[in-house]
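Working through the structure, step by step
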Amino acid sequence: MVIDRRAKRDKLQQALSNFDPYEIAKVFELPPISPTPKNNGGNSQQGQSVSFQDSGLDWTSTLTNYCDAVNAALDGEALKCYEAQSAMHSSFHTVFSSLSENWLVPTMHIICINTHKVAVASDKEASKNDGGKGKEAHSNLQKAVTLLQESYSKTSNDRKEFKSGAPLDEEGSKKAGVLAIVNELFAIYFRLNTLRLCKNLLRPVESRRLHEQGNMSEMVTYR
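Notes on the structure in this doc start here. (Residues numbered from 1 in each chain as written. Predicted model: local features only at pLDDT ≥ 70, side-chain atom pairs only at ≥ 80, totals over all residues. Heavy atoms only, no water.)

**So, the nonpolar core**
- One finds Leu 12, Trp 59 and Leu 104 to be the most contacted residues of the largest nonpolar core, which totals 59 residues.
- Counting residues per element, this core draws most heavily on helix 7 (residues 178–192), which supplies nine residues.
- With sequence-adjacent residues up to four places away left out, Trp 59 is seen in contact with Leu 12, Leu 16, Phe 28, Phe 52, Asp 54, Phe 92, Val 95 and Leu 104. (Core = buried A, V, L, I, M, F, W, Y, C linked by side-chain atoms within 4.5 Å. Buried < 20%, exposed > 50% of the residue type's maximum accessible area, 1.4 Å probe, protein only. Helix = DSSP H or I, 4+ residues; strand = E, 2+ residues; numbered from the N terminus. Contact = heavy atoms within 4.5 Å.)

In structure tokens:
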């Protein structure tokens, strides 16, 4: 089973046409990694480019790597899935940075969550391949931290004033995405036992009182 790349491109195009931030985010949801690896001898579609541009934004690299990540997940290849997911995460940063508005914040959240989950799964696969010696323990999760920290920077450094409850649109601040990313980083820091790094997030978030604004579930999780 492989993803229909043309159908995925058309779905993204439709979501963008509808200008629905949450519909766009759903396009990039990842299926669970299959518990039973499929020995397909390599997916013939891996790396097959999905060319797509919309309103000046080039989604080609993001879509191509996303489709590769989906195929790897369906094949039960966690390491390959993380490789594609991390490449997709990085390329999405370019798309996100090209906009001054905040309507891609929900997509950023989905991508951060996926990167975290796939990194954990890929480290487990690497540990099995290593015979349980622990040489690869948390290797990809540590790399995921760098990606999520960059995502955090791209939201927290927005100069626009954040207004709690404001719609996600052309006028909104990217700071609307800060708290969810911080919560995801907290979860990773706990898993890596690097709680000291939480302080680097606490100070800027609380100095701007971002922990007291926005989505209720995000505020509760932060608390």
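**Comments concerning helix 1 (residues 5–18)**
- With 14 residues, helix 1 should cover 20 Å at 1.5 Å per step; its first-to-last C-alpha distance of 20 Å lies within 8% of that length.
- By the burial criterion, the buried members of helix 1 are Arg 5, Lys 8, Leu 12, Ala 15 and Leu 16. Down the axis of helix 1, the smallest arc covering the buried residues is 100 degrees, so these residues share one side. Of the exposed residues in helix 1, those oriented more than 90 degrees away from the buried face are Arg 6 and Ser 17. (Expected span 1.5 Å × (residues − 1). Arc of directions from axis to C-beta.)

**A closer look at helix 7**
- If you check helix 7, its first and last C-alpha atoms are 21 Å apart, about what 15 residues at 1.5 Å a residue would give, namely 21 Å.
- Counting buried positions over the 15 residues of helix 7 gives twelve, a clear majority of the element.
- Within helix 7, burial applies to Val 178, Leu 179, Ala 180, Ile 181, Val 182, Asn 183, Glu 184, Leu 185, Phe 186, Ile 188, Tyr 189 and Leu 192.
- On its buried face, helix 7 sits against helix 5 (105–129), helix 6 (139–156), helix 8 (199–207) and helix 9 (216–222).
- Looking one or two residues beyond helix 7, the residue adopting positive phi is Asn 193, at roughly 60 degrees.

**Remarks on the packing of helix 6 against helix 7**
- At a minimum axis distance of 10 Å, the contact between helix 6 and helix 7 shows a crossing angle of 160 degrees. With respect to helix 7, the element helix 6 is oriented roughly antiparallel. The hand of the helix 6/helix 7 crossing is left-handed. Residues Leu 141, Gln 142, Val 145, Leu 148, Gln 149, Ser 151, Tyr 152, Thr 155 and Ser 156 of helix 6 form the contact with helix 7, whose participating residues are Val 178, Ile 181, Val 182, Glu 184, Leu 185, Ile 188, Tyr 189, Arg 191 and Leu 192.
- Grouping the constituent residues of the contact of helix 6 with helix 7 by class yields eleven nonpolar, five polar and two charged. (Axes fitted to C-alpha atoms, helices over the stretch in contact; angles between N-to-C directions. Parallel < 35°, antiparallel > 145°, perpendicular 65-115°, else oblique. Left-handed = near helix turned anticlockwise from the far one by under 90°. Nonpolar A, V, L, I, M, F, W, Y, C, P; charged D, E, K, R; others polar.)

**Observations concerning the packing of helix 7 against helix 8**
- Two numbers describe how helix 7 lies on helix 8: the axes approach to 11 Å, and their chain directions differ by 160 degrees. Looking at the two axes, helix 7 sits roughly antiparallel to helix 8. In terms of crossing hand, the pair formed by helix 7 and helix 8 is left-handed. Residue-level inspection shows Val 178, Leu 179, Val 182, Leu 185, Phe 186 and Tyr 189 of helix 7 in contact with helix 8, the latter providing Leu 201, Leu 202 and Val 205.

**Considering the pattern of salt bridges**
- In the structure shown here, the tally under the stated rule is four salt bridges.
- With a closest N to O distance of 2.6 Å, Arg 5 and Asp 68 form a salt bridge. You can see Arg 5 sitting in helix 1 and its partner Asp 68 sitting in helix 3 (residues 60–74), a full 63 residues away along the chain.
- Residue classification places Arg 5 among the buried positions, given a relative accessible area of 5%.
- Taking the shortest distance from any N to any O, the salt bridge between Glu 212 and Arg 209 comes out at 2.8 Å. (Salt bridge = Lys/Arg side-chain N within 4 Å of Asp/Glu carboxyl O.)

**So, the packing of aromatic side chains**
- One pass over the structure, following the stated rule, counts six aromatic pairs.
- With a centroid separation of 5.4 Å and an interplanar angle of 75 degrees, the aromatic rings of Phe 28 and Tyr 66 are classed as edge-to-face. With a gap of 38 residues between them, Phe 28 in the loop between helix 2 (21–27) and strand 1 (53–54) and Tyr 66 in helix 3 connect regions that are remote in the sequence.
- Take Phe 28: its relative accessible area is 0%, and that puts it in the buried class.
- Ring centres of Phe 186 and Tyr 222 lie 5.6 Å apart, and the angle between their planes is 35 degrees; this geometry places the pair in the tilted category. (Phe/Tyr/Trp six-rings, centres within 6.5 Å; stacked < 30°, edge-to-face > 60°.)

**Observations concerning unusual backbone geometry**
- With a phi angle near 60 degrees, Asn 193 is a residue other than glycine that sits in the positive phi range.
- Following the sequence through the fold, Asn 193 ends up in the loop between helix 7 and helix 8.
- Overall, the relative accessible area of 63% leaves Asn 193 in the exposed class.
- Here Arg 209, not a glycine, exhibits a phi torsion of approximately 60 degrees, which is positive.
- Assignment of secondary structure puts Arg 209 in the loop between helix 8 and helix 9.
- Judged by its relative accessible area of 47%, Arg 209 is partly exposed.

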